[in-house]
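# Residue-level structural notes
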Amino acid sequence: RSKKTGASKHYAFVEFEHGGIADIAASAMHGYLLFERLLEVRALAPSEVHPDTFKGADKKFRAIPWSTVAAKRQNRERTEQQEADRRKRYEQRNKRRMDSISAAGISYELKQPASK
């Protein structure tokens, strides 16, 4: 599954105890139609398999709540210096924005947000 969305990546790895059984399964399932998709199956030699291929395979997938992570990052406590730097960047962006608006011949006054 995709770590970002939790959606299927549409590929899988299956581990067999015996190589002969893996070859039989691969030849039987190659080209099989499953959920409106043709399977492409092949057996890999043990040397082709990465050591971490099945790492974490015994755990249930849990989607990461990215909106919660972003909200916590946005709302975290900041030091005085971090807040001053943040305010300075905001003012620089706002000045560039207002300069481009003025250059377009538009008279506009933006209300400043309240400081903490």
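Summary of the structure given here. Predicted, not measured: the structure shown is a model, and the values here were computed from it.

## Topic: the pattern of salt bridges
- One pass over the full model with this rule turns up two salt bridges.
- For Glu91, the salt bridge identified is with Arg87, shortest N-O distance 3.6 Å. Residue Glu91 and its partner Arg87 are both found in helix α3 (residues 80-103); the two are separated by four residues, about one turn of the helix.
- A relative accessible area of 25% means that Arg87 is categorised as partly exposed.
- With a closest N to O distance of 3.1 Å, Asp99 and Lys95 form a salt bridge. One end of the pair is Asp99 and the other is Lys95, both in helix α3 and four residues apart, which spans about a single turn.

## Considering the side chain of Asn94
- Along the chain, Asn94 turns up in helix α3.
- Look at Asn94 and you get buried, because its relative accessible area is 7%.
- The contact partners of Asn94, leaving out residues within four places of it in the chain, are Leu110 and Gln112.

## Considerations on α3
- Under the 1.5 Å per step criterion, the end-to-end length of α3 is 34 Å for 24 residues, consistent within 8% with the ideal 34 Å.
- Phi turns positive, to about 85°, at Gly105, one or two residues after α3.

## Considerations on a positive patch on the surface
- Together, Lys3, Lys9, Lys55 and Lys59 line one region of the surface with positive charge.
- Tracing the sequence through the fold places Lys55 in the loop between β2 (37-38) and α2 (66-74).
- Overall, Lys55 belongs to the exposed group, its relative accessible area being 67%.

Reading the values: rules and limits
- Residues numbered from 1 in each chain as written.
- Predicted model: local features only at pLDDT ≥ 70, side-chain atom pairs only at ≥ 80, totals over all residues.
- Heavy atoms only, no water.
- Salt bridge = Lys/Arg side-chain N within 4 Å of Asp/Glu carboxyl O.
- Helix = DSSP H or I, 4+ residues; strand = E, 2+ residues; numbered from the N terminus.
- Buried < 20%, exposed > 50% of the residue type's maximum accessible area, 1.4 Å probe, protein only.
- Contact = heavy atoms within 4.5 Å.
- Expected span 1.5 Å × (residues − 1).
- Patch = residues over 30% accessible without salt bridge, like charges linked within 9 Å, V, L, I, M, F, W, Y side chains within 5 Å.
- Areas by Shrake-Rupley, 256 points an atom, 1.4 Å probe, with all protein chains shown as cover.
- Lys, Arg positive; Asp, Glu negative; His and termini not counted.
- Charge placed at Lys NZ, Arg CZ, Asp CG, Glu CD.

Purely geometric stuff here, so don't read any function into it on its own.
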